[in-house]
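# Close look at the chain arrangement
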Amino acid sequence: MNIVQRKREECFKAAHNFFDSACAHAEAGDLQAAGILILKALDQERRAGAVGPQVLQLIKPRN
């Protein structure tokens, strides 16, 4: 497994852990903590999607 795949997998694993913790907090009635954990999980999913090389497309206007 290369570095990019490993980093992506780590982000997804962290997101899964945050979602599990959020579920436990929601069941216990701590909705504020559950909401914060859900946001952290979504951030990790976003990071997983952004792992790897990024491509910028520059649009030059025609003169």
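Residues numbered from 1 in each chain as written. Predicted model: local features only at pLDDT ≥ 70, side-chain atom pairs only at ≥ 80, totals over all residues. Heavy atoms only, no water.

Another aspect to go through is the packing of helix 1 (residues 3-28) against helix 2 (residues 31-49). Packed helix pairs are specified by the crossing angle of their axes together with the interaxial distance, meaning the distance between the axes. At a minimum axis distance of 8 Å, the contact between helix 1 and helix 2 shows a crossing angle of 165°. Judged by the inter-axis angle, helix 1 sits roughly antiparallel to helix 2. The two elements helix 1 and helix 2 meet at a crossing, and its hand is left-handed. Contacts between helix 1 and helix 2 involve Arg-8, Cys-11, Phe-12, Ala-14, Ala-15, Phe-18, Phe-19, Ser-21, Ala-22, His-25 and Ala-26 from the former and Leu-31, Ala-33, Ala-34, Leu-37, Ile-38, Lys-40, Ala-41, Leu-42, Gln-44, Glu-45, Arg-47 and Ala-48 from the latter. Here the contact of helix 1 with helix 2 is built from residues that sort into 16 nonpolar, three polar and four charged. (Axes fitted to C-alpha atoms, helices over the stretch in contact; angles between N-to-C directions. Helix = DSSP H or I, 4+ residues; strand = E, 2+ residues; numbered from the N terminus. Parallel < 35°, antiparallel > 145°, perpendicular 65-115°, else oblique. Left-handed = near helix turned anticlockwise from the far one by under 90°. Contact = heavy atoms within 4.5 Å. Nonpolar A, V, L, I, M, F, W, Y, C, P; charged D, E, K, R; others polar.)

Next up on the list: a nonpolar patch on the surface. A cluster of nonpolar side chains, Phe-19, Ile-38, Leu-39 and Leu-42, forms an exposed patch at the surface whose accessible area comes to about 350 Å². Accessibility expressed as a relative area gives 59% for Leu-39, which makes it exposed. (Patch = residues over 30% accessible without salt bridge, like charges linked within 9 Å, V, L, I, M, F, W, Y side chains within 5 Å. Areas by Shrake-Rupley, 256 points an atom, 1.4 Å probe, with all protein chains shown as cover. Salt bridge = Lys/Arg side-chain N within 4 Å of Asp/Glu carboxyl O. Buried < 20%, exposed > 50% of the residue type's maximum accessible area, 1.4 Å probe, protein only.)

This next bit is on the environment of Ala-24. Positionally, Ala-24 belongs in helix 1. A relative accessible area of 45% means that Ala-24 is categorised as partly exposed. For the pair Ala-24 and Ala-34, spaced ten residues apart in sequence, the C-alpha separation works out to 7.9 Å.

So, on to the pattern of salt bridges. Taken as a whole and judged by the stated rule, the model has two salt bridges. A salt bridge links Arg-46 to Asp-43, with the shortest nitrogen-to-oxygen separation between them at 2.7 Å. Taken together, the residues span about one helical turn, with Arg-46 and Asp-43 both in helix 2 at a distance of three residues. For Arg-46, a relative accessible area of 52% gives the class exposed. The partly exposed category is assigned to Asp-43, whose relative accessible area is 23%. Ionic pairing is found between Arg-47 and Asp-43, a salt bridge with its closest N-O pair at 2.9 Å. Of the two residues, Arg-47 and Asp-43 are both situated in helix 2; the distance of four residues between them amounts to about one turn of the helix. On the accessibility criterion, Arg-47 (43% relative accessible area) is partly exposed. Connected through salt bridges with shared partners, the residues Asp-43, Arg-46 and Arg-47 form a single ionic network.

Geometric descriptors of this kind do not, in isolation, establish any biological role.
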